[in-house]
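Structure at a glance
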Amino acid sequence: MTATPETDLGTAPEAAEHWRRLSPRMLIVHPLQEVMRLAPVLVGVIIAGSRSGRSELWGLIGVAIAVLLGVGRWATTSYQVTPHQVQVRQGLLRRRVLVVALDRVRTVDLSANVFQRVLRLSRVTVGTGHTDRNKDGGLRLDALDASDAARLRDELLHRRHATPTGDEPAAARPAGAAESVTIAEIRPSWLRFGPFTLSGLVGVGAVLGVIWNQLRQADVDIASLGLLRTVRDDLENAPLWLDVTVVAVGIVLVVAVLSTIMYAITYGRYRLTREPHGTLHVVRGLLAIRSTTIEERRLHGVELREPLLLRAVGGARCDAVTTGIHGGRGSDRGGALLLPPAPRAEAYRVAADVLHGTPAATADLVPHGARARQRRFTRALIPALVLTGAVVVLARLSVLPDWTWHPALALLPVAALLAVDRYRSLGHAVVDGRLVTRQGSVERRRATVAADGIIGWNISQSFFQRRAGLATLTATTAGGRQAYDVLDVDEEEATRLADGLTPGLLTPFLEGPA
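If you're wondering where the values come from, they're calculated on a predicted model, not measured in any experiment.

Procedures and definitions
Residues numbered from 1 in each chain as written. Predicted model: local features only at pLDDT ≥ 70, side-chain atom pairs only at ≥ 80, totals over all residues. Heavy atoms only, no water. Helix = DSSP H or I, 4+ residues; strand = E, 2+ residues; numbered from the N terminus. Buried < 20%, exposed > 50% of the residue type's maximum accessible area, 1.4 Å probe, protein only. Contact = heavy atoms within 4.5 Å. Areas by Shrake-Rupley, 256 points an atom, 1.4 Å probe, with all protein chains shown as cover. Core = buried A, V, L, I, M, F, W, Y, C linked by side-chain atoms within 4.5 Å. Pairing = 2+ DSSP bridges. Axes fitted to C-alpha atoms, helices over the stretch in contact; angles between N-to-C directions. Parallel < 35°, antiparallel > 145°, perpendicular 65-115°, else oblique. Left-handed = near helix turned anticlockwise from the far one by under 90°. Nonpolar A, V, L, I, M, F, W, Y, C, P; charged D, E, K, R; others polar. 1 Å grid on protein atoms, 1.4 Å probe; cavity = no way out; pocket = protein on both sides within 12 Å on 5 of 7 lines; lining within 4 Å. Points joined across faces, edges and corners; volume = space filled by probe spheres on them. Phe/Tyr/Trp six-rings, centres within 6.5 Å; stacked < 30°, edge-to-face > 60°. Lys NZ or Arg CZ within 6 Å of the ring centre and 35° of its normal. Salt bridge = Lys/Arg side-chain N within 4 Å of Asp/Glu carboxyl O. Patch = residues over 30% accessible without salt bridge, like charges linked within 9 Å, V, L, I, M, F, W, Y side chains within 5 Å.

Take the overall build of the protein next. Summing up its helical and strand segments, the protein has 17 helices and 21 strands in all. In the protein, buried positions account for 43% of the 514 residues. Look at the contacts in the protein between residues 6 or more apart in sequence, and 60% of them connect residues 24 or more apart. If you sum the accessible surface of the protein, you get close to 26500 Å²; carbon and sulfur atoms cover 63% of it.

What follows is about the nonpolar core. Side chains of a nonpolar character, in soluble globular proteins, are inclined to be buried together. Within the largest apolar cluster, 30 residues are counted, with the highest numbers of intra-cluster contacts made by L272, L338, L339 and V354. At the level of secondary structure, the elements contributing two or more residues to this core comprise β9 (181–185), α8 (240–267), β11 (279–284), β13 (299–307), β14 (315–322), β15 (337–343) and α11 (344–354). Looking at which element gives the most residues to this core, the answer is α11, with six residues. Residues in contact with L272, not counting those within four places in the same chain, are V181, T182, I183, A184, L280, H281, V282, L338, V350 and V354.

Most of strand β20 (residues 470–477) is tucked away, with seven of its eight residues classed as buried. Note that strand β19 (residues 454–460) and β20 share six bridges and pair antiparallel. Across the sheet, residue N458 finds its bridge partner in β20, namely T474. Sheet analysis places β20 next to strand β21 (residues 483–490), joined by six bridges and oriented antiparallel. Paired with T474 across the strands is D485, a residue of β21. From the end of β20 to the start of β21, which pair antiparallel, there are five residues, and G480 there has a positive phi angle of about 60°.

In space, the three strands of this open sheet follow the order β19-β20-β21, with antiparallel pairing throughout. Sheet topology places β19 and β21 at the edges, where each strand pairs with a single neighbour. Shown here is a sheet whose adjacent strand axes are inclined to one another by a mean of 20°, direction ignored. Against the sheet, helix α12 (residues 369–396) engages β20 and β21, with an angle of about 110° to β21. Strand contacts of helix α16 (residues 491–501): β19, β20 and β21, with the helix running at about 140° to β21, the strand carrying the most contacts.

Pairing is antiparallel across the open sheet formed by seven strands, whose spatial order is β8-β7-β6-β12-β11-β10-β9. In this open sheet, the two strands that pair with only one neighbour each are β8 (139–145) and β9. Strand-to-strand twist of the sheet, defined as the mean angle between neighbouring strand axes without regard to direction, takes the value 20°. One ladder, built from six bridges, connects β11 with strand β12 (residues 289–295); its direction is antiparallel. Within β12, the residue paired with V282 across the bridge is T292. The strands touched by α11 are β9, β10 (271–275) and β11; relative to β9, the strand with the most contacts, the crossing angle is about 155°.

Let's shift gears to the packing of α12 against helix α14 (residues 411–425). A pair of packed helices is captured by two measures, namely the crossing angle of their axes and the spacing between those axes. In the contact formed by α12 and α14, the axes pass within 9 Å of each other and the chain directions differ by 155°. Viewed along their axes, α12 and α14 adopt a mutual orientation that is roughly antiparallel. As α12 runs across α14, the sense of the crossing is right-handed. From α12, G369, A372, R373, R376, F377, R379, A380, L381, A384, L385, L387 and T388 reach across to α14, where they touch L411, L412, A415, A416, A419, V420, R422 and Y423. When the residues that make up the contact of α12 with α14 are grouped by side-chain class, the tally is 14 nonpolar, two polar and four charged.

With that settled, consider empty space enclosed by the protein. Per the stated rule, a full pass over the model turns up two cavities of 30 Å³ or more. Put simply, the second largest cavity is a space of about 40 Å³. Per-element accounting of the lining of the second largest cavity gives the leading share, three residues, to strand β17 (residues 434–439). Partitioning the lining of the second largest cavity into residue classes produces two nonpolar, two polar and four charged.

Let us look at the side chain of T76. Note that T76 resides in the loop between α3 (55–75) and β3 (78–81). Setting aside chain neighbours within four positions, we find T76 in contact with R21, R89, Q90, G91, L92 and R95.

Once that is clear, we can look at the packing of aromatic side chains. Scanning all chains against the criterion turns up three aromatic pairs. Taken together, a centroid distance of 5.3 Å and an interplanar angle of 80° make the contact between F463 and F464 edge-to-face. What makes F464 exposed here is its relative accessible area of 57%. Geometry around W19 places R89 over its ring, the cationic atom sitting 3.8 Å from the centre.

Before going further, it helps to examine the pattern of salt bridges. When the charged atoms of two side chains with opposite charge come close together, those side chains can pair. A complete count under the given rule lists 24 salt bridges for this structure. Two residues, R274 and E296, come together in a salt bridge whose shortest N-O distance is 3.2 Å. One end of the pair, R274, is in strand β10; the other, E296, is in the loop between β12 and β13, with 22 residues separating them in the sequence. Between R375 and D488 there is a salt bridge, with the nearest N and O atoms lying 3.1 Å from each other. Residue R375 is found in helix α12, and its partner D488 is found in strand β21; the two are separated by 113 residues along the sequence. For R375, a relative accessible area of 12% gives the class buried. Exposure remark for D488: the relative accessible area of 1% places this residue in the buried category. Salt bridges linked by common partners bring E303, R305, R317, D319, E443, R445 and R481 together as one network.

Another point: a nonpolar patch on the surface. Among the surface-exposed residues, V393, L394, L397, V399 and L400 lie close enough to one another that they form a single nonpolar patch of about 420 Å² accessible area. Mapped onto the elements, L397 comes out in the loop between α12 and α13 (405–409). Under the relative-accessibility criterion, L397 is labelled exposed at 58%.

Laid out in structure tokens, this is it:
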């Protein structure tokens, strides 16, 4: 039996509710998913079987195993919701019961891939402050009927049986129920930010990897293919600079097109709404739909992210700082997404609207002064000088080609520009009882965190920071990335910020002995 540490297993008897099963329609979807998941193994089995003349038999055995895995998952999974808990039973040989207290439920995600959408199914992922950090990604039910999943989401988040707004037709809502308020929805003009997300780069790598692997297994000489042979011959007869330019332009165009397509598929039909029962509801996806519901009382702030390429074209995205959704893997999968890459002004507007109009979302920041600027330049220029000097010495010693020290010199102005941009990004403020901090150049991050969401402080100093009289103040939270830094701030300012936002917390450490 598995349970989260917050759960009291004896608070609700099983007789209080009945055990429910997943939708029988998942018996169609899950075998297909298992076959696709085991596709590389099945291909290997078929190739191995072809040498013995029994490839069809081995292929059928592999497919049968995949189908049995899907059927077994349905037969051994059941769940129930009691007045205090949600319980899930699964497994045949290794029986597992996952129990989560309802007051520990932070977020509920509904997602559906293409196959599930056709059969009106939905996957339910329950996020808690504990299980989101484990490899299992939280409590998951795959898959329920779409209407049952929507009711379960409302049941878990609001402790009542009602049909949630946003996914169901208006006729299914209770009479007199308040309407949801739309905060943002996607616009066709936002597609221009797609090429600058570089999401297509992953797709290019995955497709090329699969094609390369399959051709190698089939003992096919790629260079001998007609079109590729023609391209290879043309590149061999052209100057080197032209070869590099053609290949670079081709890669950029392919990545840009695929990134735009991935943007449309991932964020198509995006909509952010505020529901009347105190939740934020995010729906997105053109083929596979994902629906995330966040309780506003769990929302401690927002974070604006501006990667370098996206920032260059005036774009940004907005994520939630909320309990139960942690940074890293969870954030990368999009659980904290409030706004996809969009115009920067729209990102600031959404951040302010989500935080109920607080001026902290758009407030000007306090710069960190000359000493912080000096550290930005020394940390950028010293490594560049060392690397450039090493290349020059190796070129003089004929270890490297003589021309290599010329491009190495370009590192110095690039490092200087990086230092300038990093200092321009550096800043902080305290507005409306919220800490606002910003940092970064390759990916600029501006976080706005409420004081009541800060559970601790960490003031740290490196050897060089102590000599400069600077420190790094880190606000610890239970949500988002869990740690938000105010870099290279004056020592006294760091103490004043922490003591001002959480009065009395640092008093025992600041007062001297009686």
